[in-house]
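This is what each chain is made of:
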Amino acid sequence: HVEFVIVAKHPENREQGIFQSHMKCLAMGVEANARHILVFEDDVFFEKFDAAALAGVCRYLDSSISWNALFLGCITDGSSKTGKKGLAKIKYRCLAHAYALNNSFARQVIGNSWCGIPFDELLRRHNKDFFAFYPMCAFQGLAGSDNQTVVIDRVRRLLGGLPFIQKINELYQNNKVFLLFVSSAVFLFAALLAYILW
């Protein structure tokens, strides 16, 4: 049920190579008639993994709701509670280093051929019934990414690397209302204090 897939780097286009690698893994899962296909990139690592919590989330997804993708780690453009502890509904943005797709959605995804769209962007365009394990436990390693230019990779490293950026994104997206309220209150207090002292 587990296979380590080794591919040669694409000779010209790194993003195309990443796209084809993910497609190959998904196609192998579909061909094996797997109900769900779990994909990890080669540099993934885990922190604070809770097997019992993940098992509960998987049982819930299998029996209770319609889902296309479950991410163990990613960056989102938004998230909301689901009523199930350990599970958030998300608006996926990027980082497909640890995710599961159900068979029917994987079939849809592998129907796309390379046309200059990176794999992360392809997933983002299919943003429907996407969920994430919460708190996320899978992070992309600190090695340089094949998916980005050297400049972007350096900026990421200056910001603490992808694991730190992912954690800050998750903290913000899952506590956005509270954080916005606190920051507004601090701003108003500072403005009032400045007015009084003026």
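Rules used throughout
- Residues numbered from 1 in each chain as written.
- Predicted model: local features only at pLDDT ≥ 70, side-chain atom pairs only at ≥ 80, totals over all residues.
- Heavy atoms only, no water.
- Helix = DSSP H or I, 4+ residues; strand = E, 2+ residues; numbered from the N terminus.
- Expected span 1.5 Å × (residues − 1).
- Buried < 20%, exposed > 50% of the residue type's maximum accessible area, 1.4 Å probe, protein only.
- Arc of directions from axis to C-beta.
- Polar contact = N/O pair within 3.5 Å; in protein donor to acceptor, adjacent residues only side chain to side chain.
- Salt bridge = Lys/Arg side-chain N within 4 Å of Asp/Glu carboxyl O.

Asker: Could you clarify how one ought to interpret helix H2 (residues 51-64) in this entry?
Answerer: The α-helix advances 3.6 residues per turn, and as a result positions three or four apart in sequence lie on the same side. Taking 1.5 Å of rise per residue, the 14 residues of H2 would be expected to cover 20 Å, and the 20 Å separating its terminal C-alpha atoms lies within 8% of that figure. For H2, the full list of buried residues reads Leu54, Gly56, Val57 and Leu61. Seen end-on, H2 carries its buried residues on one side only, within an arc spanning 160°. Across H2 from its buried face, at more than 90 degrees, point the exposed residues Ala52, Arg59 and Ser63. Where H2 begins, the capping side chain belongs to aspartate 50, and its oxygen is found 3.2 Å from the backbone nitrogen of alanine 52.

Asker: Teacher, can you tell me more about the side chain of aspartate 120 here?
Answerer: Tracing the chain through its elements places aspartate 120 in helix H4 (residues 119-125). Note on aspartate 120: relative accessible area 15%, which makes it buried. Within the structure, aspartate 120 has its side chain in polar contact with the backbone nitrogen of leucine 95 (distance 3.1 Å). A distance of 3.2 Å separates a polar side-chain atom of aspartate 120 from the backbone nitrogen of alanine 96.

Asker: Looking at this structure, I do not really get helix H6 (residues 161-174). What am I missing?
Answerer: If you check H6, its first and last C-alpha atoms are 20 Å apart, about what 14 residues at 1.5 Å a residue would give, namely 20 Å. Along H6, the positions that sit buried rather than exposed are Gly161, Leu162, Pro163, Gln166, Asn169, Glu170 and Gln173.

Asker: How should I be thinking about unusual backbone geometry in this particular structure?
Answerer: Working note: non-glycine residues mostly have negative phi, and peptide bonds are mostly trans. Here the amide bond leading from tyrosine 134 into proline 135 is cis, since omega sits at -5°, within 30 degrees of zero. Although it is not a glycine, asparagine 33 adopts a positive phi angle of roughly 65°. Note on placement: asparagine 33 falls in the loop between helix H1 (14-31) and strand S1 (36-40). Phi at leucine 95 is positive, roughly 75°, even though this residue is not glycine. Its place among the elements puts leucine 95 in strand S4 (residues 87-102).

Asker: Would you take a moment to explain the pattern of salt bridges for this structure?
Answerer: Opposite charge on two side chains permits them to pair, given that their charged atoms come into close proximity. Considering all chains together, one arrives at six salt bridges under this definition. Between glutamate 47 and lysine 167 there is a salt bridge, and its shortest N-O distance comes to 2.7 Å. Linking glutamate 47 in the loop between strand S2 (44-46) and H2 with lysine 167 in helix H6, this pair joins segments that are 120 residues apart in sequence. For glutamate 47, a relative accessible area of 30% translates into the label partly exposed. A relative accessible area of 34% means that lysine 167 is categorised as partly exposed.

Function cannot be read off these values alone, since they describe shape.
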